[in-house]
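Coordinate analysis (summary)
Each chain, written out:
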Amino acid sequence: MSSIPKIVIVGAGYGGILTAQQLQKELKHNEATVTLINRHDYHYITTHLHMPAAGTDTIEHSRIPIAQLIDEFKVDLVKGTVKEIIPNEKKVVLEDGSLSYDYLVIGLGGEPETFGIPGMDQFALTIRSINSVRLIREHIEYQLALYKNDGKPGRLNFVVGGAGFSGIEFVAELADRLPQLAKAYDIDFNRIQIINVEAAPTALPGFDPELVEYAMDVLKRKGVNFRIGVPVKECLQDGVIVGEGEKIEACTVVWTGGIRGNGLIEKAGFEVMRGRVKIDDFLRAPGHDDIFIIGDSSLMFNPEGRPYPPTAQIAMQQGVLCAKNLAATLRKKELHKFVFSNKGTVASLGKGEAVAVVGKRKIKGWVAAQLKKIVDLRYLFIIGGIPLVLKKGRFF
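Just so it is clear, the structure is predicted and the values come from calculations on it, not from any experiment.

The rules behind the values
Residues numbered from 1 in each chain as written. Predicted model: local features only at pLDDT ≥ 70, side-chain atom pairs only at ≥ 80, totals over all residues. Heavy atoms only, no water. Helix = DSSP H or I, 4+ residues; strand = E, 2+ residues; numbered from the N terminus. Rg over C-alpha atoms; globule rule 2.2 N^0.38 Å. Buried < 20%, exposed > 50% of the residue type's maximum accessible area, 1.4 Å probe, protein only. Contact = heavy atoms within 4.5 Å. Lys, Arg positive; Asp, Glu negative; His and termini not counted. Charge placed at Lys NZ, Arg CZ, Asp CG, Glu CD. Axes fitted to C-alpha atoms, helices over the stretch in contact; angles between N-to-C directions. Left-handed = near helix turned anticlockwise from the far one by under 90°. Nonpolar A, V, L, I, M, F, W, Y, C, P; charged D, E, K, R; others polar. Pairing = 2+ DSSP bridges. 1 Å grid on protein atoms, 1.4 Å probe; cavity = no way out; pocket = protein on both sides within 12 Å on 5 of 7 lines; lining within 4 Å. Points joined across faces, edges and corners; volume = space filled by probe spheres on them. Patch = residues over 30% accessible without salt bridge, like charges linked within 9 Å, V, L, I, M, F, W, Y side chains within 5 Å. Areas by Shrake-Rupley, 256 points an atom, 1.4 Å probe, with all protein chains shown as cover. Salt bridge = Lys/Arg side-chain N within 4 Å of Asp/Glu carboxyl O.

**Observations regarding the overall build of the chain**
- For the chain, the helix and strand inventory stands at nine helices and 26 strands.
- Taking 21 Å as the expected radius of gyration for a compact globule of 396 residues, we find that the chain reaches 22 Å, a close match to that expectation.
- When its C-alpha atoms are laid out on the principal axes, the chain stretches across 70 × 40 × 40 Å.
- The buried share of the chain, taken over its 396 residues, is 54%.
- Of all intrachain contacts in the chain linking residues separated by at least 6 positions in sequence, the fraction that spans at least 24 positions is 66%.
- Across the chain, the centroid of the 49 positively charged side chains sits 4 Å from that of the 45 negatively charged ones.

Spelled out as structure tokens, the structure:
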């Protein structure tokens, strides 16, 4: 019976992929076996999904076969859906079997947080996966085709719930795409409404106010109608109820209003806050030195005591440190604490427009849009080098 420690990584998102790749560099021969479990045989770039969802880019730019990102001699890829995690048995249960582990890395992606809004789970679309993106894209075009047959006004109203980064980036792409679609379907674009509803008192909550104002001005000129400080109270099959009972007729509602941790984690017995586990400084689950949790399902606080948002940037940095701490654990060496290094924040506003904060610098317009491209290319380079940049990169 093998005495080589078994490391199992569940989820091949930003954190999971970076953990696997870093382990390839850190571990010596036969120091541990590494198994990466993922539902699909591809890794998808979540921060790109708003583009194919709106139809402004192809899905192929947003996904990469995992086999191209890992060394099959160092990491064993298992395509499977995780059904249960049983910590006291050190076991991960899949649809068609189970795997035991000595050390577990949970990098399962988050789930939409609907805050208990009635009908949201049932009627709203969400930008969470390649499959959900396909659905949104086809749904949008189908509504325009149906309108030409039944003339129902609600088919030309597109409601996006949430004006955080995901919501803003999606409405920006939608505002670029819908004029083209309107022309293709012989529809007057002035009849189409893009409505962005946000309960908070500002779009892009927490972002620089000057850049928020710039972003809203750009999007308003593109035809986006903002309803800021107006909560969505209910989602219906034919629209949404907002504010004090106003109904907005719409056959398309896309919800981007929040992310919570993966439901499997709470079912596994971990104490959670909105589905996320408050992990220690070394990325471990409380009371479980053999379980590391990274990405959307992890909860960490910044020096001011505020929780870090579940971003790709944080997941990537957690993934690298997680691998190093796993290697240190195996060697009984001292573990390193997670310290977030903020590389800046960029929000795309569609073709040729963006807003960004890098250090104390505020950047907007065309320059920020080029910075967004550089950020995307940098990630491709990190996980796949120059060949992946040339294959998947968006240069124009």
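**A short note on the packing of helix H1 (residues 14-26) against helix H8 (residues 312-330)**
- The contact between H1 and H8 brings their axes to 7 Å, and the two run at 35 degrees. Handedness of the crossing formed by H1 with H8: right-handed. Contacts between H1 and H8 pair Tyr14, Gly15, Leu18, Thr19, Gln22, Leu23 and Glu26 from the former with Ala312, Ala315, Met316, Gly319, Val320, Cys322, Ala323, Lys324, Leu326 and Ala327 from the latter.
- Residue composition of the contact of H1 with H8, grouped by class: eleven nonpolar, four polar and two charged.

**What to know about the pairing of strand S7 (residues 91-94)**
- Examined bridge by bridge, strand S6 (residues 82-86) and S7 share four bridges and lie antiparallel to one another. Bridged to isoleucine 85 within S7 is valine 92.
- Two successive antiparallel strands, S6 and S7, enclose a turn made up of four residues, where lysine 90 displays a positive phi of approximately 50 degrees.
- Bridge analysis of S7 against strand S8 (residues 97-100) gives four bridges, and the strand direction is antiparallel. For valine 92, the partnering residue across the bridge sits in S8 and is leucine 99.
- Two successive antiparallel strands, S7 and S8, enclose a turn made up of two residues.

**A look at the layout of surface pockets**
- Of the volumes computed, that of the second largest pocket is approximately 410 Å³.
- Glu173, Gly350, Lys351, Gly352 and Arg394 are, among the 21 residues lining the second largest pocket, the residues nearest its centre.
- Sorting the residues of the lining of the second largest pocket by element identifies helix H2 (50-54), helix H5 (165-184) and helix H9 (366-392) as the ones contributing at least two each.
- With seven residues, the single largest contributor to the lining of the second largest pocket is H9.
- Class assignment of the residues belonging to the lining of the second largest pocket gives a composition of five nonpolar, seven polar and nine charged.

**Comments concerning a nonpolar patch on the surface**
- A contiguous nonpolar patch, built from Phe381, Ile386, Leu390, Phe395 and Phe396 and spanning about 630 Å² of accessible area, is present on the exposed surface.
- Structurally, phenylalanine 395 is set in the segment after H9.
- We classify phenylalanine 395 as partly exposed; its relative accessible area is 40%.

Purely geometric numbers; function is a separate question.
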